[in-house]
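Coordinate analysis (summary)
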6 protein chains.
Amino acid sequence: MAASVFKDGDSRKWPFADPATFLDARFIENGLQPEVLEALDVALIGVPMDLGVTNRAGARLGPRAVRAIERIGPYEHVLRVAPMGGLKVADVGDVPMRSRFGLAECHADIEACYRMIAATGVIPLSVGGDHSISGAILKGLAASQPVGMIHIDAHCDTAGPYEGSKFHHGAPFREAVLAGVLDPKRTIQIGIRGGGEYLWEFSFASGMTVIHAEEVAEMGLKAVITKALEVVGTGPTYLSFDVDSLDPAFAPGTGTPEVGGLQPREALTLLRGFKGINLVGGDVVEIAPQYDNTTNTAQIAAQVLFELLCLATFSPAVRTKLT
Amino acid sequence: MAASVFKDGDSRKWPFADPATFLDARFIENGLQPEVLEALDVALIGVPMDLGVTNRAGARLGPRAVRAIERIGPYEHVLRVAPMGGLKVADVGDVPMRSRFGLAECHADIEACYRMIAATGVIPLSVGGDHSISGAILKGLAASQPVGMIHIDAHCDTAGPYEGSKFHHGAPFREAVLAGVLDPKRTIQIGIRGGGEYLWEFSFASGMTVIHAEEVAEMGLKAVITKALEVVGTGPTYLSFDVDSLDPAFAPGTGTPEVGGLQPREALTLLRGFKGINLVGGDVVEIAPQYDNTTNTAQIAAQVLFELLCLATFSPAVRTKLT
Amino acid sequence: MAASVFKDGDSRKWPFADPATFLDARFIENGLQPEVLEALDVALIGVPMDLGVTNRAGARLGPRAVRAIERIGPYEHVLRVAPMGGLKVADVGDVPMRSRFGLAECHADIEACYRMIAATGVIPLSVGGDHSISGAILKGLAASQPVGMIHIDAHCDTAGPYEGSKFHHGAPFREAVLAGVLDPKRTIQIGIRGGGEYLWEFSFASGMTVIHAEEVAEMGLKAVITKALEVVGTGPTYLSFDVDSLDPAFAPGTGTPEVGGLQPREALTLLRGFKGINLVGGDVVEIAPQYDNTTNTAQIAAQVLFELLCLATFSPAVRTKLT
Amino acid sequence: MAASVFKDGDSRKWPFADPATFLDARFIENGLQPEVLEALDVALIGVPMDLGVTNRAGARLGPRAVRAIERIGPYEHVLRVAPMGGLKVADVGDVPMRSRFGLAECHADIEACYRMIAATGVIPLSVGGDHSISGAILKGLAASQPVGMIHIDAHCDTAGPYEGSKFHHGAPFREAVLAGVLDPKRTIQIGIRGGGEYLWEFSFASGMTVIHAEEVAEMGLKAVITKALEVVGTGPTYLSFDVDSLDPAFAPGTGTPEVGGLQPREALTLLRGFKGINLVGGDVVEIAPQYDNTTNTAQIAAQVLFELLCLATFSPAVRTKLT
Amino acid sequence: MAASVFKDGDSRKWPFADPATFLDARFIENGLQPEVLEALDVALIGVPMDLGVTNRAGARLGPRAVRAIERIGPYEHVLRVAPMGGLKVADVGDVPMRSRFGLAECHADIEACYRMIAATGVIPLSVGGDHSISGAILKGLAASQPVGMIHIDAHCDTAGPYEGSKFHHGAPFREAVLAGVLDPKRTIQIGIRGGGEYLWEFSFASGMTVIHAEEVAEMGLKAVITKALEVVGTGPTYLSFDVDSLDPAFAPGTGTPEVGGLQPREALTLLRGFKGINLVGGDVVEIAPQYDNTTNTAQIAAQVLFELLCLATFSPAVRTKLT
Amino acid sequence: MAASVFKDGDSRKWPFADPATFLDARFIENGLQPEVLEALDVALIGVPMDLGVTNRAGARLGPRAVRAIERIGPYEHVLRVAPMGGLKVADVGDVPMRSRFGLAECHADIEACYRMIAATGVIPLSVGGDHSISGAILKGLAASQPVGMIHIDAHCDTAGPYEGSKFHHGAPFREAVLAGVLDPKRTIQIGIRGGGEYLWEFSFASGMTVIHAEEVAEMGLKAVITKALEVVGTGPTYLSFDVDSLDPAFAPGTGTPEVGGLQPREALTLLRGFKGINLVGGDVVEIAPQYDNTTNTAQIAAQVLFELLCLATFSPAVRTKLT
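These figures come from a predicted structure and were not determined experimentally.

1. Here's the deal with the arrangement of the chains
Regarding chain A and chain D, which are not in contact, the minimum distance between any of their C-alpha atoms is 12 Å. At no point do chain B and chain F touch; the closest pair of C-alpha atoms across them sits 12 Å apart.

Right, dumping it as structure tokens:
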């Protein structure tokens, strides 16, 4: 099994020792440089920006909260993989952004950063931050070729501009489609619910596949997995996980909670079911630790990040540049 | 869809602006007056009284906690309705009660208030407060004609007097049957569990249908819905939702939590399944925010209140007086 | 005493009944209109905006948190006044702002609103929101005549632009001086501390009086009061209270806590000592309820708001327009 | 020092072992019996009743919360006493009350219980419960002879009836005076503040000495102690400590918090200063653990209970019946 | 005194009265004595020791937290039993251990205590403490004859020594097998998951039956129950329940939470399904109340303890010594 | 990449970006090496060990909690110093310890580590961990020459062995004196209180100066500072700050809270008063974040760490080896 990696249980660092990093990976200061990234298979990146929220702020502290979780991994017993053993992985720090007071400027900085990342061939796994960052990430990462997407969320996030801005966290995937970086036909949205359905006509009009939360229960997880694999096919695929896809009991630490969501056990089964997709990047977003006094939200977010890392192990995209 | 109501997303108030009201409805000061209520289809009412609790107090703060929740609705995507668009709805404030030190006096005030309400033809949707209020509400609301009831709760609440009082929160539905305002044959109790079963013989003796929490899992939600619709039929029906019907992980903020309860997703499916019942009133009770540091309990309570409002939209009782 | 106002203790509303408003004052929907304000002596106003924060967001929920506090007043036993009895006061709701995604736009909306308010002669007492709102308030309120200010805070908030913006919460009083609406010679800043002193040279250069937190302890409260009264004199004076002036043990619910601050008892003594100043407006800001699980921060904020209301009672500015 | 009592540090029970009792004293089941009490010097008693509150309920859980505190004592280094070594002390359980739904009935049960206690000569130290219990305690304990009182509180608690009841927690000491069990001339109230002063004219009219919170700071603690000793003299004296006398930062867990209160260090100095008074009983009340997530309120309450026990050591009333 | 007040069926103690004990059972001070235990059918015992944890400490406070839960039972409506009515049950306090600073010494003390217990024929139901206590319990309890075990947990706890110690909480069941007190062929482990699978080869090698968390969902509860009953058969059986078997949303208060666990409703169904096993002892462990601000973890732990008590009622082992 | 984006004075990192380190200092992985330390003036070190606690565990998480605090410094306005500007400072990670299950082994590892550190001439500032670590630190750091000490704490920590161990957190300074590394005549203990005085006879017998918490208030801070400077003189001095020296309202997150402690403002004044002492090392200990839901304890701990760093700036010991 993973015996060669962990043959001496004693040699592992105490789980609560030293500064906290994503999944206890090595931290590389100023790691968002081409020469650093080219030497990695997967980069774990924080995007601590929440100026796009429409309701409760706080997700700017999401990356630190996810780093603070100890004891995720090292082994995934269903997928039978210990990803840190097979991949070169590091926490490369957070995307530098020029202003805490300008949403559009932050998006520009994120986009530029991921454009640089795309050129290195590393698979970026990002932790938000509000969901608006995913739009900017896709614009940078998929500039040369549109990607498909598995999107797990309570909200479709395909609304139009609010209050004069198209950069808010309810719109990233409309923007990504309009920018030509996201292929709506290869996009599936899972876990959708809440009172905003009337805002997401674009999802339906553009050809995305939408599976509501109650439909997940009705269809069963296997059918959802099958549908998702069918939708995204073998092309390059991004996976975006918003923690508000989960029921607020499991993920209270988020800005726009919606009653009636998925359970973590369901989410894990879905993610494991996506083994083999051509994963080119992924994110977990909307962790607002101010509302997460048990740290459960950060725990599930860290676990999802770990599952993304496991999926990366099996992805044909490892060390393959998007072109 | 609901496009005509919400065609300009920008024009909605920020979710956290202004004093908080139930479901962000308009507040009418001193709204519990016949002339006000006669102009409404549905009245949202607080009943901040918890003198009937047997264990942990605190539900007196339930109405304020439910009002504090932002972002419920405006659209219900399964029922395909935006209830605020079709109904005249307002938050008419809280039932005035004469004494914080007298349970029986509070019940008398509640009963009198709902008797007045019944005469106006408005559908009252109430937020408690402990469950003892439901007995007083029924005595006022159904004085002219007994109603049926869908009762979702961990406890049957059909016990006899405790410690010299019949007004406590474990007895309202026995009292209502004995007062002739509740038809036990048209009453179904869903989610029952906990160590008090021996106190609820009246439920069985009077002919109520009792479905325990574990039976909900065994029967499946569709069978429960079918049974409930069969029990209540087409007659006037009240719906009472105690948040302790849910597992404490989903609704910690309550006075008598019981391990092993329903999930919010199940509760929502049940409520949606009751579309078309002849709803003449409803309540959500036992929200004790002192124990609800995530606000999850208030969130689900507000969502249940919204679902009740949606059910009201489809109820033949809209603008029909109970006679 | 206040006997005529409260002769029947029984007739007061239960402290937790009905929607919560500032100091339990009457709520006037859409109250930010000249005709409404002209009929009032004091308007209680929310400004739920926190796009100007440099660290932890959340103060957008401050107004709702302060409204949720029950049981402040009605009598101030040191000042011997029951202000609601002598003044016409209402909660007029929150300043409407056009975009949750634009700090500069919010400032413009706030400024315009307070310009309108200034013309009505009402004394506005505002609840933030981050401290950047005070700059916009002053630009609107004091457009016709610069005011003096008593400023109680951990930070001078007279820094220059950060990251391309001059609207952040560390700069409002520099901006106000530069705009000609704040007279630095008539400005005193009390409670200052923390690691940012090097950013606030403008305070000293412009002639403001700065009293650090440790100097408050050394000088004694009486000397601080005397100094403050001397600085502001009899001219129109604004009072701005940032809850981070208090030690974090007393006010944890704020975005930029600083160890070593004032105690509430000291703050109350200071505020009472300012009886008789020519108060033309005031605010209490930076309440971030996400970090305030005891509600203590909101409690002290509501109490400060009440003290401001008492000071208004004694202000020569009541019903006097700033011209 | 206390060496003889604690000569083997190892032999003490772990602080968190076994069921929790007041000050880790021995628990005597059904201990509220004359034969048990006559064998004790001091009885520690719970009174878990909060039906007299006017605002937030919850103090019914106060006794359990105070019991849960570990590590108070065994030595008081300022008073130089280890009270458990010199006195026979036990936790005798809680006062049985006949109904959770009847405030007046509870008062009758408390009064009867303390009348029995008075006859045994034990000194009762009680933990509430809301402050209304103190009125009933005094009626029972001092039935044969009025007592003096040192009363530390934010509120005078000498108001008249509210909403038809004279048993609420704002009135016990008016009731006690009217019942002839409390001598107002030998009563001092310390720490008074908040917006209810107009309700407490009875304190002044009856001749009680009232020292407001801000006067404590102005006079200094020594002067307050001197005044208190002068007021109560050598006659039998009760000491009632309401945790809301403290600033809410130190005691958030209470139903009617008032900003600007005492500090624990001040409270301890006061209590130590009362060494030698003729203490015949005492209580600490209004601990509402729902609002006490740090347990700080219960900690200070347990410490106050310990200080009362130390004062009992020095009281001439030990083993002396009130006659 | 109490008896005359409460003569009728309402005579149950208020749920929050008196010192808290396990399941509100009678407390017997120094109850861990042969003569006491021989007079009981079931002994409820605390083991407040957490020196064996590998991550977050705190379970030493587990027994007190479980005692603090009110309102569990008295009736189990699925098993149709009120166990306190049929069995002699008491809370006999906590196992005395000689040192808070020595894990091995604590294990020796626990083992010796349970060896004494085994000789009395009482069924011990224990509350931890970390899971390492179960190894010591088994060594004492099953010294004369190996037992089978139903083990519900996220972790197999069959790892080898860590950092020089074999007494940590990841190893008790390997130790128990090696000591000849646990029969691996009669052992089933249910709910297993997390990143440590590579540490538990001993479970598989020794012949234990392992059912992962996701397999519980796939197999269905009935199949799991059938399998467990088949594995343990009719021989003496121990039941060990680690609260981290549950998803962290249901049991946040634990030291090594693992996302994706069981639901309480599932756990209750499993436990009820084990009716009739030859239960000779059981425990519920790893309750860390520091992380349990809703008390939900302690609630479910107390409910599990109650279910174990119900299972004891049906066990052929009642009053039968292990020989 | 970052450099081009942030060319101006605004170029400080966002306070919540990247992995958290002590005082936002640079992190050096595996920094506890002679060659690394010799290049530094001050090393910030974590010691995440809490096996020495007698009551509530949890301080093992103290270093991570202190690292998580943003926004301390960079300037100290009373001491007029920006220490990061003048000193070479880094977070060098946590002391590696061989076993989570062995207190004595951890002490040996700590002692060895600080012996190595002493040889490099760097000033170590450490974050605990429970207070027992200070004994081991002193044994390593002062092996060649005894040091004096300013010790701010609720407890003297000079007790003898408990339960067979001399390594517990109540004994480090007795051990240090007995080991010849601490000069009791040059030791002052400030803030002492609580019920354990009888355990600390060694402090008095060995000639330490003890100033109780209430004596701090009586003497005044200036007198305390003068006394401390007189006691420690110009010789090498260690400063140990236990957060339980503060009142629990200011520092709830600790294992053995004691009511009636210092205020942060007092603590800061004391620390600033020690400017110029010959500081050779220091620590801040007993931060247990499980009990610190406001993070206030970690905030004050981080501030104390910063003050220690400022004191280091003025210490003659900078770059001077203890010999």
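2. As for the nonpolar core
One finds A:Phe274, B:Phe274, C:Phe274, D:Phe274, E:Phe274 and F:Phe274 to be the most contacted residues of the largest nonpolar core, which totals 666 residues. Each residue touching A:Phe274, except ones within four places of it in the same chain, is listed here: A:Ile150, A:Ile152, A:Ile190, A:Ile225, A:Ala228, A:Leu229, A:Leu239 and A:Leu311.

3. Here's the deal with the sheet that holds strand 7 (residues 237-242) of chain E
Residue and element names in this part refer to chain E. If you walk across this open sheet you meet the 8 strands as 2-1-3-8-7-4-5-6, and the pairing is parallel. Each of the sheet's edge strands pairs with one partner strand only, and the pair in question is strand 2 (89-94) and strand 6 (209-212). On average, each strand axis in the sheet is inclined to that of its neighbour by 15°, with strand direction left out of account. In terms of strand pairing, strand 1 (residues 42-47) meets strand 3 (residues 123-128) through 6 bridges, oriented parallel.

4. A closer look at the UniProt feature "binding site: Mn(2+)" (unreviewed entry) in chain A
Residue and element names in this part refer to chain A. The sites that UniProt annotates as "binding site: Mn(2+)" (unreviewed entry) are His131, Asp153, His155, Asp157, Asp242 and Asp244. With the annotated positions falling across 114 residues, the maximum pairwise C-alpha distance of 12.0 Å places them together in a single cluster. By the element assignment, aspartate 153 lies in the loop between strand 4 (147-152) and helix 6 (172-178). Ignoring anything within four residues of it in the chain, the contact list for aspartate 153 reads His131, Ile190, Gly191, Ile192, Asp242, Asp244 and Ser245.

5. Some thoughts on the interface of chain B and chain D
Between chain B and chain D, the residue contacts involve 20 residues of the former and 20 residues of the latter. Summed over both partners, the interface of chain B with chain D comes to about 1800 Å²; 52% of that surface belongs to carbon and sulfur atoms. Three residues, B:Arg100, B:Phe101 and B:Glu163, lead the burial of chain B against chain D; their summed loss comes to 39% of the area buried on that side. Where chain B meets chain D, there are 2 salt bridges. In this structure, the salt-bridge partner of D:Arg100 is B:Glu163, at a minimum N-O distance of 2.9 Å. Viewed at the interface, chain D and chain B are joined by 10 residue pairs in polar contact (both at pLDDT 80 or more). Grouping the constituent residues of the side of chain B that touches chain D by class yields 8 nonpolar, 7 polar and 5 charged.

6. Considerations on the relation of the copies chain B and chain D
Its rotation angle being 180°, the transformation that places chain B on chain D also includes 0.0 Å of axial translation and leaves an RMSD of 0.0 Å. A rotation of that kind, with that shift, is consistent with a two-fold axis. Interface overlap between copies is the fraction of interface residues in one copy that are interface residues in the other; for chain B against chain D it reaches 100%, indicating a shared surface.

7. A closer look at the pattern of salt bridges
Inspection of every chain in the model, using the stated rule, returns 78 salt bridges over all chains. With a closest N to O distance of 2.6 Å, E:Arg272 and E:Glu76 form a salt bridge. Of the two residues, E:Arg272 sits in helix 11 (residues 264-273) while E:Glu76 sits in the loop between helix 3 (62-67) and helix 4 (83-86), which places them 196 residues apart along the sequence. As far as burial versus exposure is concerned, E:Arg272 and E:Glu76 are alike and both buried. Salt bridges here are not isolated pairs; linked through shared partners, they connect A:Lys13, A:Asp18 and A:Asp24.

8. Structural notes on the packing of helix 10 (residues 221-232) of chain E against helix 11 of chain E
The axes of two packed helices give the description: the angle between them and the distance between them. Residues and elements named next belong to chain E. Packing of helix 10 against helix 11 brings their axes to within 9 Å, and their N-to-C directions diverge by 40°. Classified by the angle between their axes, helix 10 and helix 11 sit oblique to one another. The element helix 10 and its partner helix 11 pack so that their crossing is right-handed. Contacts between helix 10 and helix 11 involve Leu221, Val224, Ile225 and Leu229 from the former and Glu266, Thr269, Leu270 and Gly273 from the latter.

9. Things to note about the pairing of strand 2 (residues 89-94) of chain B
All names here are of chain B. Of all 6 residues in strand 2, 6 are buried; the element is thus mostly enclosed. Looking at chain direction, strand 1 (residues 42-47) and strand 2 are connected through 4 bridges and run parallel. Across the sheet, the residue bridging to glycine 46 is aspartate 94, located in strand 2.

10. With respect to helix 9 (residues 221-232) of chain B
Residue and element names in this part refer to chain B. Taking 1.5 Å per residue, 12 residues should reach 16 Å; helix 9 reaches 17 Å between its end C-alpha atoms and fits that length. Every buried residue of helix 9 is accounted for by Val224, Ile225, Ala228, Val231 and Val232. Across the axial projection of helix 9, the buried residues extend over an arc of 130°, all falling on one side. Residues of helix 9 that are exposed and angled more than 90 degrees away from the buried face: Lys222 and Glu230. The inward-facing, buried residues of helix 9 abut strand 4 (147-152), strand 5 (182-192), strand 6 (209-212), helix 8 (213-219), strand 7 (237-242) and helix 10 (264-273).

11. With respect to the interface of chain E and chain D
With 29 residues of chain E at the contact, the number on the chain D side is 33 residues. The interface formed by chain E and chain D includes 0 salt bridges. Along the contact surface separating chain E from chain D lie 8 residue pairs in polar contact (both at pLDDT 80 or more). At the level of secondary structure, the elements contributing two or more residues to the side of chain E that touches chain D comprise helix 1 (2-5), helix 3 and strand 2 of chain E. The element that contributes the greatest number of residues to the side of chain E that touches chain D is strand 2 of chain E, accounting for 3 residues. In terms of residue class, the side of chain E that touches chain D is made up of 16 nonpolar, 3 polar and 10 charged.

12. Quick word on helix 9 (residues 221-232) of chain C
As for helix 9 of chain C, its buried residues are in contact with strand 4 (147-152), strand 5 (182-192), strand 6 (209-212), helix 8 (213-219), strand 7 (237-242) and helix 10 (264-273) of chain C. Backbone geometry just after helix 9 of chain C places C:Gly233 at a positive phi near 60°.

13. Here's the deal with the sheet that holds strand 4 of chain B
Residues and elements named next belong to chain B. Taken in spatial order, the 8 strands make up an open sheet running 2-1-3-8-7-4-5-6, and their pairing is parallel. With one partner strand each, in any of the chains shown, strand 2 and strand 6 form the two edges of the open sheet. The mean inter-strand angle of the sheet, taken between neighbouring strand axes irrespective of direction, is 15°. Of the strand pairs in this sheet, strand 4 and strand 7 are connected by 5 bridges, and their pairing is parallel. Bridge pairing in strand 7 places isoleucine 150 opposite leucine 239.

14. Here we look at the environment of A:Ala213
Residues and elements named next belong to chain A. With respect to the helices and strands, alanine 213 occurs in helix 8 (residues 213-219). A residue is classified by how much of its surface remains accessible, and alanine 213, at 1% relative accessible area, is buried. Taking the C-alpha atoms as reference points, alanine 213 and aspartate 153, 60 residues apart in sequence, are found 9.1 Å from one another.

Conventions and cut-offs
Residues numbered from 1 in each chain as written. Chains lettered and ligands numbered in written order. Predicted model: local features only at pLDDT ≥ 70, side-chain atom pairs only at ≥ 80, totals over all residues. Heavy atoms only, no water. Contact = heavy atoms within 4.5 Å. Core = buried A, V, L, I, M, F, W, Y, C linked by side-chain atoms within 4.5 Å. Buried < 20%, exposed > 50% of the residue type's maximum accessible area, 1.4 Å probe, protein only. Pairing = 2+ DSSP bridges. Helix = DSSP H or I, 4+ residues; strand = E, 2+ residues; numbered from the N terminus. Axes fitted to C-alpha atoms, helices over the stretch in contact; angles between N-to-C directions. UniProt positions renumbered as here; feature names shortened; annotations may be inferred. Buried area = accessible area lost by both parts, 1.4 Å probe. Salt bridge = Lys/Arg side-chain N within 4 Å of Asp/Glu carboxyl O. Polar contact = N/O pair within 3.5 Å; in protein donor to acceptor, adjacent residues only side chain to side chain. Nonpolar A, V, L, I, M, F, W, Y, C, P; charged D, E, K, R; others polar. Least-squares fit on C-alpha atoms with pLDDT ≥ 70 in both. Parallel < 35°, antiparallel > 145°, perpendicular 65-115°, else oblique. Left-handed = near helix turned anticlockwise from the far one by under 90°. Expected span 1.5 Å × (residues − 1). Arc of directions from axis to C-beta.

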